[in-house]
Every structure is written in C-alpha cells, then in structure tokens.
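Notes for the structure review
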Amino acid sequence: MSADTPARTTTGFGHRRQAFRNWRGQRPFWGGMLTLLAGIPIMYVPYQNLTLGSLTIRMSTTAGAGSLIIGVLLVVLGLTMWFQPHSRVFAGIAAILLALVSLVVSNFGAFLIGFLLGLIGGALGVSWAPAKPARAERGAKDTTGTASAPATAADEEAPPAQDPAAPQQGPRDDTAVSEASPAAGADAHDGNGRHRAG
C-alpha cells in the first residue's frame, strides 16, 4: 500500500459516493424513499386490469382520481423530505394520513403495499433529527466537565468538626438481640446474628 491510496479514494467515484453519503446524512433519506415508493402502487394499481386466463378483473374503483391524487401527493411528500428537510414533520404526518386514507380509496392501499410503505416512511420522516457536529459535542463535553468540577467540590459539605472533650460516639451496640459482644466477633452494626469472618 502506498501513500497515494487515500488520495485515490477521494477522486472520481469515491468522491461522488462520499458527497452522496454527506447529502443523505443531512435529511431523512429513507423516510423520503419509502414515502416516494408508497405513492407508486397507490396511483398505479387502481388503473390496471388483472387477467386470470379468460377472466379479466378491473381493479379501477369509483375513486380512481382520488387514488391518483394520493399517489402523486405521496411522491411529492417524499421529495419534500429530501429537498426540504426542515419540513420533515409536516411531510411525515401528511404521508401517514394519506396512507390511512388510501386504505379506503385505493384498493386497501394498493393491497397494503403502498399503505405500509407510506406509514413507515412517514414515521421515519417525523422521527428523524439532524445530528450535532462531532466537534460541537466534544467542545460541549469539555466545557461542562471543566465548569462543573469546581462547583461540585464547592457544593460538598465538610463533615462537622468534633470537640475533643466530647465523648466519642461509636457504633451502636445492638448486640443485645444476638446476645454476643463485639469482642466475641458479632457485628456491632447488625444485631440480627450475622458475624464477621476472622
């Protein structure tokens, strides 16, 4: 491997691939893709005929124009998620509502294919959030770490100073329950019979 190898990956196809990955990471790409794909069967299926041998079944419904409008709107909402990512919440909610309407209007949402794609794509569009830059996150962690360290040290209270003339308050002697003295090995803090090893 030579020193020229990393430079080759950023030219030509590698450069275009990296640019596409950067573009894809700045928007709800998969939500837009699924929403766009949901519109295709919803606007296509109601205008087709299904032929089984000599039997022809027309799948067009009375609301064929409604299916076409819903399909076109889903394609437009998918493109909106791609090219206007700040409108992703509106586009996602609208895609979910149109997918639900397509159950009634467009042959059960084009046999549930367009319905499921529209629901998942809309949900991905609504739930997507832009990532914070890595440098900004690192800087925020550094500033919060340095600023909070002195504050926590100042907030800790020092234990109260004991007067040397005052009698020492030792551990409680609850050995009456276990009828054993601390010298015999009973734990002075625990009067229910547990003993220290050794």
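Residues numbered from 1 in each chain as written. Predicted model: local features only at pLDDT ≥ 70, side-chain atom pairs only at ≥ 80, totals over all residues. Heavy atoms only, no water.

**Some details on the overall build of the chain**
The number of helices and strands found in the chain is eight helices and two strands. Taking all 198 residues of the chain together, the buried fraction comes to 26%. For the chain, the exposed area adds up to about 13800 Å²; of that, 64% sits on carbon and sulfur atoms. (Helix = DSSP H or I, 4+ residues; strand = E, 2+ residues; numbered from the N terminus. Buried < 20%, exposed > 50% of the residue type's maximum accessible area, 1.4 Å probe, protein only. Areas by Shrake-Rupley, 256 points an atom, 1.4 Å probe, with all protein chains shown as cover.)

**What about the UniProt feature "transmembrane region" (unreviewed entry) in the chain?**
What UniProt calls "transmembrane region" (unreviewed entry) maps, in this numbering, to residues 29-47, 59-82, 89-105 and 111-131. As annotated, residues 89-105 has a helix share of 100% and a strand share of 0%, and its two end C-alpha atoms lie 24 Å apart. (UniProt positions renumbered as here; feature names shortened; annotations may be inferred.)

**A word on the packing of aromatic side chains**
The final tally for this structure, using the stated rule, is eight aromatic pairs. Their ring planes at 80° and their centres at 6.4 Å tell us that Trp 82 and Phe 83 sit as a pair that is edge-to-face. Here Phe 83 falls in the exposed class, since its relative accessible area comes to 52%. Pairwise contacts between aromatic rings join Phe 20, Trp 23, Phe 29, Trp 30, Trp 82 and Phe 83 into one cluster. (Phe/Tyr/Trp six-rings, centres within 6.5 Å; stacked < 30°, edge-to-face > 60°.)

**Some points on the nonpolar core**
One finds Ile 42, Ile 70, Leu 74, Leu 77, Ala 95 and Leu 98 to be the most contacted residues of the largest nonpolar core, which totals 13 residues. Broken down by secondary-structure element, the contributors of at least two residues to this core are helix H3 (29-44), helix H4 (64-83) and helix H5 (88-105). Once residues within four sequence positions are removed from consideration, Leu 74 is found in contact with Thr 35, Leu 36, Ala 38, Gly 39, Ile 42, Ala 95 and Leu 98. (Core = buried A, V, L, I, M, F, W, Y, C linked by side-chain atoms within 4.5 Å. Contact = heavy atoms within 4.5 Å.)

**Quick look at H4**
With 20 residues, H4 should reach 28 Å at 1.5 Å per residue; the first-to-last C-alpha distance of 29 Å fits that figure. Buried within H4 are the following residues: Gly 64, Ser 67, Ile 70, Gly 71, Leu 74, Val 75, Leu 77, Gly 78, Met 81 and Trp 82. Projected onto a plane normal to the axis of H4, the buried residues spread over an arc of 160° and lie on a single side. Set apart from the buried face of H4 by more than 90 degrees, the exposed residues are Ala 65, Ile 69 and Phe 83. Buried residues belonging to H4 abut helix H2 (13-25), H3, H5 and helix H7 (113-127). (Expected span 1.5 Å × (residues − 1). Arc of directions from axis to C-beta.)

**Some thoughts on the environment of Gly 78**
Relative to the helices and strands, Gly 78 is located in helix H4. Owing to a relative accessible area of 0%, Gly 78 belongs among the buried residues under this scheme. With 43 residues separating them along the chain, Gly 78 and Gly 121 place their C-alpha atoms 8.2 Å apart.

**Quick notes on the side chain of Thr 35**
In this structure, Thr 35 sits in helix H3. Look past the residues within four positions of Thr 35 in its chain and what remains in contact with it is Leu 74, Val 75, Leu 77, Gly 78, Met 81, Ala 95, Leu 117, Gly 121 and Gly 122.

**Structural notes on the packing of H5 against H7**
At a minimum axis distance of 7 Å, the contact between H5 and H7 shows a crossing angle of 160°. Relative to H7, H5 is oriented roughly antiparallel. Remark: the crossing between H5 and H7 carries left-handed chirality. Along the contact surface, H5 presents Arg 88, Val 89, Gly 92, Ile 93, Ala 95, Ile 96, Ala 99, Leu 100, Ser 102 and Leu 103, while H7 presents Phe 115, Gly 118, Leu 119, Gly 122, Ala 123, Gly 125 and Val 126. The residue makeup of the contact of H5 with H7, split by class, is eleven nonpolar, five polar and one charged. (Axes fitted to C-alpha atoms, helices over the stretch in contact; angles between N-to-C directions. Parallel < 35°, antiparallel > 145°, perpendicular 65-115°, else oblique. Left-handed = near helix turned anticlockwise from the far one by under 90°. Nonpolar A, V, L, I, M, F, W, Y, C, P; charged D, E, K, R; others polar.)

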